[in-house]
Each structure stands twice: as C-alpha cells, then as structure tokens.
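Inside the fold
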Amino acid sequence: MASIIDGRQVATSVIEAVKTASEALQEQTGVKTGLAVVIVGDDPASHAYVSAKSKMAKECGFTSVQHTLPEETTQEELAALVQTLNKDESLHGILVQLPLPKHLNSDPIIQSILPEKDVDGLHVVNAGKVATGDLDGGLVSCTPAGAMVFVKRTHGEDLSGLNAVVIGRSNLFGKPMAALLLAANATVTVAHSRTKDLPGVCRGADILVAAVGRPQMVKADWVKPGATVIDVGINRIAAPERGDGRFRLVGDVAFEECAKVASVITPVPGGVGPMTIAMLMANTVIAAFRSVGMAPPEF
Ligand code: GUN
C-alpha cells in the first residue's frame, strides 16, 4: 500500500512559512503584502474559490482586497480595474478568477496584469520564464508549483535518471509542469488524448502526473510498481450511495487500485488542491519581497 501524501498538512506548512516571511518583511521594511482578487459574475464554484483565496490572504496577514463585479461588466471596465490595481503600490499580487463570463475575452485581461504582480503565473512573461528554465526570476503558476513541492519532498531536488510522464498538455498545467520536471533533470514525456498506447507510456513513469479531467481514468495497470502518482484532477461524479442527487469529488486516478501499486500517491480531495492556494500566497509574498528589492524566500 502506497503512502498517501497529506496535501492539507503540506499546505499548512507552506502557509506557516508565508506568514513568517510576510511578518519579517513588514518588520524590516514596513511593507505589508497585498493581494487583489477579482471575480466577475455569479458562478457559485468560482465564488467559493475566490472567498477561500481572500480569506487565506487575510490569515497570512496580507492586505486582502476582493473586487466582485457584476455579470454585465464590460471588457473596458475590467481592463480599467486591472490598470488601477497595477498602479496600486499597496498591492503585490493580482488574480483575475477564470473562467470569465462568455462575453469577456480573458487573454488580453490576463496579459495586461503586470508580470511582477501576476501571482497566477499566467502572463506570457512568467510562462516564458518557466519554459526557459528561469525559475528564480518570474512567478510559477500555482498548481504545478504545488505539485512540484510533493515531487521534491518525495524525490529530493534532483530528479536525474527518473522518468516523469505528465498526462495533459494545457497551458495552465501540463506544459508548465513538464517544464518544472525538466528543470529538475527528470526525463519528461507529455502525454495527451492523441498519445498511442497511453497505458504503456504511463507504465514507464517513475513520477506519473495526471491532469486530464477524466474521472478515475488512470488504472492500476497503468502504474509502474513503486511509482509516485500525483493526481491533479478534480471531477464531480454522482454518488447515489450518499443519497439521491448527491455527488462526490474524485481525481483522474482510480485511487484505491492505484494505491496498491504506487509507493506514494496523492488523494482527491486533500492532495494537490490545498497546495494551489498555498502557492498563491507564496507567490504573493515573493512578489512583495521583490517589490522592495529583497531576495524572496523559497517555498
Ligand atoms: N480558476 C480555476 N483555477 C484558477 C486559478 O488557478 N487561477 C485563476 N485565475 N482562475 C482559476
């Protein structure tokens, strides 16, 4: 039976380090770390995520600003808000929650955030730094950064000689995750829906990272015995055993059967999920340190 990574516990340890760093920054420079979170529209899941981010920012001792805009907000209004937040020196991080309502074009909005305040790591400047292996100069997007914390706590900083397979090639996760693994010297394969013999490719992985958005797709016979399995999927499936119309969350990995083959595995919920928000706080305090020309802490 694999050992199960407790993402909540690891996230708590990152948050404690963030609090310590933000207190030290304030003591030494008088600068209080600030995060602005912007949400447009009424999507309940997005509101839940954004509330959790604003609340965590407060718990970290940050200035926490939330802008809740109505569904009918125009592109120009949202762009103007981002410009105001870019200019506000009390704010070191800006996050625009995605997806935006359909009438808004998210890309120009995200690309208009100052790269040094782009704590989501979605600006092309930050994505480019990750792609070129410059991990100290930019901001790394939160979910791959969180998944990497697990990989490094399991295997150490140097992944030389290890085969990593990332299933999924999105800009949000798959591509930056592959770049981070490569920067740590792993031999990396990016697999996706068009990959031939996906189970066979996955069986070659010492580190298997699943981010496809298909509930429990990765089966036990896809997993190399002794592998590390990181599950980035969050899928809602029907759970009639909990009552009529009830749901439960599962990952992209068939957890029970894969846990019998892997040596380390992350659960869903309670794995990568809690790390995403912790790394957002880490990026925000990193941005605050850089804003005063100080070397940021590492997380
Ligand atoms: N929506 C779901 N996850 C995220 C995220 O990490 N960042 C942003 N901005 N929106 C999201």
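Residues numbered from 1 in each chain as written. Predicted model: local features only at pLDDT ≥ 70, side-chain atom pairs only at ≥ 80, totals over all residues. Heavy atoms only, no water.

Our focus in this paragraph is a nonpolar patch on the surface. There is a patch of nonpolar side chains on the surface, built from Tyr49, Ile234 and Leu249 and spanning about 290 Å² of accessible area. The topology assignment puts leucine 249 in strand β10 (residues 247-250). In this structure leucine 249 comes out as partly exposed when scored by relative accessible area, which is 38%. (Patch = residues over 30% accessible without salt bridge, like charges linked within 9 Å, V, L, I, M, F, W, Y side chains within 5 Å. Areas by Shrake-Rupley, 256 points an atom, 1.4 Å probe, with all protein chains shown as cover. Salt bridge = Lys/Arg side-chain N within 4 Å of Asp/Glu carboxyl O. Helix = DSSP H or I, 4+ residues; strand = E, 2+ residues; numbered from the N terminus. Buried < 20%, exposed > 50% of the residue type's maximum accessible area, 1.4 Å probe, protein only.)

On to the layout of surface pockets. Approximately 1,000 Å³ is the volume found for the largest pocket. Around the largest pocket sit 34 residues that line it, and Tyr49, Lys53, Thr143, Leu172 and Thr276 are the ones nearest its centre. At the level of secondary structure, the elements contributing two or more residues to the lining of the largest pocket comprise α2 (44-59), β4 (93-96), α6 (142-155) and α10 (272-291). Of the residues belonging to the lining of the largest pocket, the class tally is 19 nonpolar, eleven polar and four charged. What lines the second largest pocket is a set of 22 residues, among which Leu135, Asp136, Lys152, Glu298 and Phe299 lie closest to the centre. The residue inventory of the lining of the second largest pocket, partitioned by class, reads 14 nonpolar, two polar and six charged. (1 Å grid on protein atoms, 1.4 Å probe; cavity = no way out; pocket = protein on both sides within 12 Å on 5 of 7 lines; lining within 4 Å. Points joined across faces, edges and corners; volume = space filled by probe spheres on them. Nonpolar A, V, L, I, M, F, W, Y, C, P; charged D, E, K, R; others polar.)

Here serine 46 is to be found in helix α2. The class of serine 46 is buried, set by a relative accessible area of 6%.

A few words now on the environment of valine 124. Mapping valine 124 onto the fold places it in helix α5 (residues 124-131). Residue class for valine 124 comes out exposed when judged on its relative accessible area of 55%. Separated by 14 residues in sequence, valine 124 and isoleucine 110 place their C-alpha atoms 9.1 Å apart.

The next point concerns the nonpolar core. Counting residues in hydrophobic clusters, the biggest one holds 56 residues, and the most contacted among them are Met177, Leu181, Val209 and Met281. Going through the elements one at a time, α1 (7-29), β2 (34-40), α2, α6, β5 (163-167), α7 (174-183), β7 (207-210) and α10 are the ones with two or more residues in this core. If you tally residues by element for this core, the top one is α10, at twelve residues. If you look at the next biggest cluster of nonpolar residues, it comprises 20 residues, including Ala2, Trp222, Cys258 and Ile265. (Core = buried A, V, L, I, M, F, W, Y, C linked by side-chain atoms within 4.5 Å.)

When you tally the buried positions in α7, you get seven out of ten residues, the bulk of the element. Turning to α7, its buried residues number three or more, namely Gly174, Pro176, Met177, Ala178, Ala179, Leu180 and Leu181. The positive-phi residue at the C-terminal boundary of α7 is asparagine 185, with phi of around 80°.

Turning our attention to the site of the ligand. All residues adjacent to the ligand are Leu95, Val96, Gln97, Leu98 and Asp120. With respect to the ligand, the side chain of glutamine 97 contributes an N or O atom lying 3.1 Å from a nitrogen atom. Aspartate 120 places a polar side-chain atom, nitrogen or oxygen, 2.5 Å from a nitrogen atom of the ligand. Across the complex, the protein chains shield 74% of the 280 Å² of accessible surface that the ligand would expose by itself. (Near = heavy atom within 4 Å. Polar contact = N/O pair within 3.5 Å; in protein donor to acceptor, adjacent residues only side chain to side chain.)

Let us look at the pairing of β7. Going residue by residue along β7, you find Ile207 and Val209 tucked away on one face and Leu208 and Ala210 tucked away on the opposite face as well. With four bridges joining them, β5 and β7 adopt parallel strand pairing. Paired with isoleucine 167 across the two strands is alanine 210, which belongs to β7. Direction of pairing for β7 relative to strand β8 (residues 228-231): parallel, over a ladder of four bridges. Among the inter-strand pairings, leucine 208 is bridged to a residue of β8, identified as valine 229. (Pairing = 2+ DSSP bridges.)

Another point: the sheet that holds β8. Strand order in the open sheet formed by six strands is β1-β11-β8-β7-β5-β6, with parallel pairing between adjacent strands. Looking along the sheet, the strands with just one partner apiece sit at the ends: β1 (3-4) and β6 (187-191). Sheet strands touched by α6: β7, β8 and β11 (264-265). Its angle to β8, the strand with the most contacts, is close to 165°. This element, α7, spans β5, β6 and β7 of the sheet and lies at about 170° to β5. (Contact = heavy atoms within 4.5 Å. Axes fitted to C-alpha atoms, helices over the stretch in contact; angles between N-to-C directions.)

Bear in mind that shape data such as this cannot, by itself, settle questions of function.
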